[in-house]
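In case you want the letters, here they are:
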Amino acid sequence: MIENKIILEARGISKSFPGVKALDNVDLLIRAGEVHCLAGENGAGKSTLIEILGGTHQMDSGELLLNNRKINLQNPKNAQELGIAVLHQELPMLRDLTVAENLFLGRQPRSRLGLVDYRKMYKDAKKWLDIINADIDPRTILGRLSVSKQQLVSIAKAISLQAQIMILDEPSAVLTAAELTRLFEIIASFKTDGRGIVYISHRLEEIFEIGDRVTVLRNGKLVGSEPIKNLNRDMLVQMLVGHEVSESYIENKSVDLTRKPVIEIYGLNQGHLVRNVNFMVSAGEIFGIYGLVGSGRTELARAIMGADKIDSGHIILDEKKVRIKSPAEAIRNGICLVPEDRKSQGVLLEKSISENISLPSLKSLRGKVLVNYRKILKYSNEYMNKLKIAAPDSGQTVKFLSGGNQQKVVLAKWIGMNLKVFIFDEPTRGIDVGAKEEIRNLIRGLASEKKAIILISSEIPEILSIADRVGVMHEGRMVAILTRSEATKEKLVAYSMGSITV
Amino acid sequence: MKSKALSLLSDYGLFIILIALIALSSLLSPLFFTAANLKNFISQASYNGILAVGMTFVILIGGIDLSVGSIVGFASILYGTLMHGNFFTFMPNEIFIYKGAPVLTPVLPLPLDIIFVLLVGALLGFITGSISRRFRIHSFIVSLCMMIFIRGLAVSYTNGQPLFGVPDPVSYLAYGELFGIPMPALIWLSICIAAILLLKYTRFGRRIYAVGGDEVAARLSGIQPSLYQVFPLIVSGVLAAVVGVIMSGRMGCGDPKIGEGWQTDAIAAVVIGGASLSGGRGGIGGTVIGVLIMGLINNVMNLLEIDAYPQQMAKGIIILAALAIQGIFASRNSND
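None of the values given here were measured: they were computed from a predicted structure.

Caption draft 1: Structural view of the overall build of chain A. A count of helices and strands for chain A gives 17 helices and 20 strands. Relative to a compact globule of 502 residues, whose C-alpha radius of gyration would be 23 Å, chain A shows 25 Å and is just as compact. Along the longest, intermediate and shortest principal axes, the C-alpha atoms of chain A span 75 × 55 × 45 Å. Across the 502 residues that make up chain A, the buried fraction comes to 54%. Sequence separation of at least 24 residues holds for 65% of the intrachain contacts in chain A that already meet a minimum separation of 6. Of the accessible surface of chain A, which amounts to about 22,600 Å², a share of 51% is contributed by carbon and sulfur atoms. The centroid of the 69 positive side-chain charges in chain A is displaced by 6 Å from the centroid of its 59 negative side-chain charges.

Structure, rendered in structure tokens:
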């Protein structure tokens, strides 16, 4: 086979964010008429790479060559003018405007007088929507459509740009099978037009179905770039996971699985990201949940906490069926959530450590009527010392603490309340290595105090080192529950990408 | 079917409120449907109407312009000093003593001095807009400071004294009629038409909506936000200066103290008109209805000879009620 013409060449791209090297000397070749898949675990650097290609972020070093000419992308506008279109995963669209308007944002068709030609705009929008078989009225206000229809609109938009290079970031996440088939047909027609396509997906089948070449990133570094026909499934998983030895397994605590469960979840359904989920966690057990971003992990936690209304299923707590309609009720029942987004949901950044720690316990910390500040100070100092929060005193504003210490403040809030079930959503994300280990030790400590722990994490070594059992989620389903001895890195990755079905 | 009726109600709810208020007004006062009153009503509403058009631009990008009232006063007194042969100079005290009909010695030929005042209005808006954009301070705060500063400037300009005497063409802007329609209303109407053309039928206008709706989404669609974040405040400044000039004609003098508090009526009209304070939603059509509702409340209460302060109380309650009714429609609609 003759190698196709190279359209875009990225050489030695590096990019750092505070505390993280997101991309380290990565190369990428996009050829005409080729579907180039980009794969890697969460945080491997895929998103950063396409954000650089789309002009949203600027690289620290490296160069981009478009048709052998060096280009400089300062903003998304530059990228679009050069024929690079990005279909973003998180749908940045305008909910108050019509579908047609979103499609042609900033480039509405104009009449001879230079005024926006609405009739032509609706007609053209209809044309592009028809191409992807989307039954959507272009006059509808976008915010009134369902999420998957909104996704179709953004696909239509990316296609309508008729760009030389199309970058699709996980377009399949919310599409139905029929919609996906149509998308693949369109991608195939782009190939024959000689355009370059970059396709990002977490699903291995998709990569094998439409990819011509796959580039794998891991921890911001290039692992390799291979033609798909030279690879098989196992080889790709091997590339994704790598061979490096994972963190040492710590103490092989035996868990008595015959012990009474503290929390049991039966047939839980919520939206399209929590589908018929069943599991139970017993006292002193750490139940890990692994899954890729968008697999429904966070949604599951929110459903258990009553933050989103569940469609069906029930939760049994200490052998009693409970109905949880709000996070406040969950806390009253003894369940708490340490959320993924610590800064916006876990702590009040502008407030002091003691205000944060005492917030959920204010009821028990008041005098007869008014809040008793001396009690609060004593209480928060006690937990500050217990969790070794590094700060001059409990009056310190939380904003100025390190990530690890902020996370400890979140923990301190709940530990003092004598709860039964702790749900951790990515508790160690974005904090440094030493602090990570401390947080893990705190979680182990909670387990040894007979608490039931649910630990959501996308770091496989973390899950393998502290979880007693691991549930793997894929597209809203818990596709496997593995014991510590069964769980391996390869198995977790394979299950989470849906390549093994049970 | 039911949801269709509801969405109809939410789309036209505002209009229904207006019709209901007109019906109520004519029931309450037999004087309402007289030519004299209607002319009076529409020309009074025009001043707020013109300010509200500018405010619509600003609210569309998620901003607020509190400085418009002060710009009205400053434009009025600036125009007055231009008429008296002064240009950026602080006046000696004795000139303010009213000595019969004043002799006008305009600095610039007639249309040019109005244009000069409008340019100063644009400059003030540009300052607010660029400070807000450059230092990432919400325009609410920047325009609050501008409001205080400009009022101080206007009042110290002539030691707080009004300057009497305006040329006939400017009086005509306030009191003239064309085909039986008062001039201020015609000016308001033409500004509305221009604004609708700009906002609805040019790419420029649609980009204002885009940037106001979601700056990130707009950027990713290849729109550079800065221009669209500063331009609305320039529009608002110019239109406030327009009101200042017409007000000078109406009062026969340049008065540094007029326009105090007018920004609140303009904001209220825009919000009643369905605009979202977080930006991206709203339009001139809704604003016009909002202005008419506000004007109607004033007019009817004047006809009923209600005192000024109870009028304020009633106005506060009615505006809140109008917004609450809208809020109910809006939340029903989004629950579909």
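Caption draft 2: Here's a closer look at the sheet that holds strand β15 (residues 320-322) of chain A. Residues and elements named next belong to chain A. Sheet architecture is open: four strands sit in the order β12-β11-β14-β15, paired in antiparallel fashion. Each edge of the open sheet is held by one strand with a lone partner, namely β12 (274-282) and β15. Averaged over all pairs of adjacent strands, the angle between strand axes in this sheet comes to 20°, irrespective of strand direction. Helix α9 (residues 297-305) rests against β11 (261-270), β12 and β14 (312-317) of the sheet, and its axis sits at about 110° to β11.

Caption draft 3: Just the packing of helix α4 (residues 110-134) of chain B against helix α10 (residues 225-251) of chain B, in detail. Residue and element names in this part refer to chain B. Running from amino to carboxyl end, α4 crosses α10 at an angle of 145°, the nearest separation of the two axes being 7 Å. In the packing of α4 onto α10, the handedness of the crossing is right-handed. Contacts between α4 and α10 pair Ile114, Val117, Leu118, Gly121, Ala122, Gly125, Phe126, Thr128, Gly129, Ser130 and Arg133 from the former with Pro225, Ser226, Gln229, Val230, Leu233, Ile234, Gly237, Val238, Ala241, Val242 and Val245 from the latter.

Caption draft 4: Local environment of the pairing of strand β8 (residues 196-200) of chain A. Residue and element names in this part refer to chain A. Across the five residues of β8, five count as buried, placing the element largely inside the fold. The two faces of β8 match: Gly196, Val198 and Ile200 on one face and Ile197 and Tyr199 on the other face are all buried. For strand β7 (residues 165-169) and β8, the ladder comprises five bridges, and the chain directions are parallel. Paired with Met166 across the two strands is Ile197, which belongs to β8.

Caption draft 5: Looking closely at the interface of chain A and chain B. Contacts between the two partners involve 24 residues from chain A and, on the opposite side, 24 residues from chain B. Area buried by chain A at its contact with chain B is led by Leu94, Asp96 and Tyr118 of chain A, which between them contribute 20% of it. Inspection of the chain A/chain B interface yields two salt bridges. Close ionic contact of Arg281 of chain B with Asp96 of chain A constitutes a salt bridge, the shortest N to O distance being 3.5 Å. Here chain A and chain B share nine residue pairs in polar contact (both at pLDDT 80 or more) between them.

Caption draft 6: Looking closely at the sheet that holds strand β20 (residues 477-483) of chain A. All names here are of chain A. Spatially, the six strands line up as an open sheet ordered β16-β17-β18-β13-β19-β20, and their pairing is mixed. A single partner strand is all that each edge strand has here, and the edge strands are β16 (335-338) and β20. The mean inter-strand angle of the sheet, taken between neighbouring strand axes irrespective of direction, is 20°. As paired strands, strand β13 (residues 286-291) and strand β19 (residues 469-474) are joined by five bridges and run parallel to one another. Paired with Tyr290 across the two strands is Val472, which belongs to β19. Running over the sheet, α9 touches β13, β16, β17 (421-425), β18 (452-456), β19 and β20 and is turned about 150° from β16.

Caption draft 7: Spotlight on the environment of Leu94 of chain A. Examined against the element boundaries, Leu94 of chain A turns out to sit in the loop between β6 (84-87) and α3 (99-103). Judged by relative accessible area, which is 4%, Leu94 of chain A ranks as buried. Remark: the alpha-carbon pair of Leu94 of chain A and Val409 of chain A, spanning 315 residues in sequence, is separated by 37 Å. Those residues within four positions of Leu94 of chain A in sequence are excluded, and the remaining contacts are Asn102, Leu105 and Leu142 of chain A together with Ala210, Gly213, Asp214 and Ala217 of chain B.

Here is what the cut-offs are and how they apply
- Residues numbered from 1 in each chain as written.
- Chains lettered and ligands numbered in written order.
- Predicted model: local features only at pLDDT ≥ 70, side-chain atom pairs only at ≥ 80, totals over all residues.
- Heavy atoms only, no water.
- Helix = DSSP H or I, 4+ residues; strand = E, 2+ residues; numbered from the N terminus.
- Rg over C-alpha atoms; globule rule 2.2 N^0.38 Å.
- Buried < 20%, exposed > 50% of the residue type's maximum accessible area, 1.4 Å probe, protein only.
- Contact = heavy atoms within 4.5 Å.
- Areas by Shrake-Rupley, 256 points an atom, 1.4 Å probe, with all protein chains shown as cover.
- Lys, Arg positive; Asp, Glu negative; His and termini not counted.
- Charge placed at Lys NZ, Arg CZ, Asp CG, Glu CD.
- Pairing = 2+ DSSP bridges.
- Axes fitted to C-alpha atoms, helices over the stretch in contact; angles between N-to-C directions.
- Left-handed = near helix turned anticlockwise from the far one by under 90°.
- Buried area = accessible area lost by both parts, 1.4 Å probe.
- Salt bridge = Lys/Arg side-chain N within 4 Å of Asp/Glu carboxyl O.
- Polar contact = N/O pair within 3.5 Å; in protein donor to acceptor, adjacent residues only side chain to side chain.

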